[in-house]
Amino acid sequence: MENIDEGTVERLLRESLIESGGGQRISERARLAQRSVESYLKAGIRPRWMERLSEIERGIERERAGLERTYRHMRAELGPHAFADAWRTFAHSRDFDELNTLIRQHNDWYPIERDLPMDPRTGEYRKILGRSHHRRELDAAWILEQFPA
């Protein structure tokens, strides 16, 4: 007899489990194993939040290096007034969608993946070493802060 309160997801999972012949039982050892950053690292597996942070840092450094080359080249080629206008136009034309997607994923998932405690008064996640986990997305303002016109 089917449960009346059973939702679509529960029904699909139940049907999938029946079709596959049932799942395997989780061993007592696996069930009781502590899941911590240390245990992941000992096993040679980096948690996704750690991989994502590395990708973000490498991406920012790659963008900064490319911007620095372009900045020096444009500054050498153009006069001071023409450079300022051209640099602002260039900054506003830059697209960081791929890197910003990673940054948004980090901002959304990092506190959950790290199981950060929440401050009940503010509803915000607690800071790590006095710093928010939130990363700023890259845009024209970021470029102009790094390399002023």
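Residues numbered from 1 in each chain as written. Predicted model: local features only at pLDDT ≥ 70, side-chain atom pairs only at ≥ 80, totals over all residues. Heavy atoms only, no water.

Before going further, it helps to spend a moment on the pattern of salt bridges. Tallied over the full model, the rule gives twelve salt bridges. Notably, a salt bridge pairs Glu68 with Arg72, separated by 2.6 Å at the nearest N-O pair. Remark: Arg72 and Glu68 occur in helix α4 (residues 48-77); sequence separation between them is four residues, near one turn of the helix. Note on Glu68: relative accessible area 30%, which makes it partly exposed. When salt bridges with common partners are traced through the structure, they connect Arg48, Glu51 and Glu55 into a single cluster. (Salt bridge = Lys/Arg side-chain N within 4 Å of Asp/Glu carboxyl O. Helix = DSSP H or I, 4+ residues; strand = E, 2+ residues; numbered from the N terminus. Buried < 20%, exposed > 50% of the residue type's maximum accessible area, 1.4 Å probe, protein only.)

The next thing to look at is the confidence of the model for the protein. In this model, the protein carries a mean pLDDT of 83, and residues with pLDDT of at least 70 account for 76%. Across the protein, the element-wise mean pLDDT spans from 64 in helix α3 (residues 37-42) up to 95 in helix α7 (residues 140-146). (pLDDT = per-residue confidence, 0-100.)

To continue, consider helix α5 (residues 80-93). A rise of 1.5 Å per residue sets the reference length of α5, with its 14 residues, at 20 Å; its end C-alpha atoms lie 20 Å apart and thus fit the reference within 8%. In this structure, the buried side of α5 is in contact with α4 and α7. (Expected span 1.5 Å × (residues − 1). Contact = heavy atoms within 4.5 Å.)

A few words on the nonpolar core. Nonpolar side chains in soluble globular proteins tend to end up buried together. Formed by 17 residues in total, the largest nonpolar core has its most connected members in Ile60, Leu67, Trp87, Phe96, Leu138, Trp142 and Ile143. Of all elements in the fold, only α4, α5, α6 (97-113) and α7 reach the threshold of two or more residues within this core. Other than its neighbours up to four places away in sequence, Phe96 contacts Glu63, Leu67, Leu138, Asp139, Trp142 and Ile143. By size, the runner-up hydrophobic cluster in this structure holds five residues, among which are Trp49, Met50, Leu53 and Tyr110. (Core = buried A, V, L, I, M, F, W, Y, C linked by side-chain atoms within 4.5 Å.)

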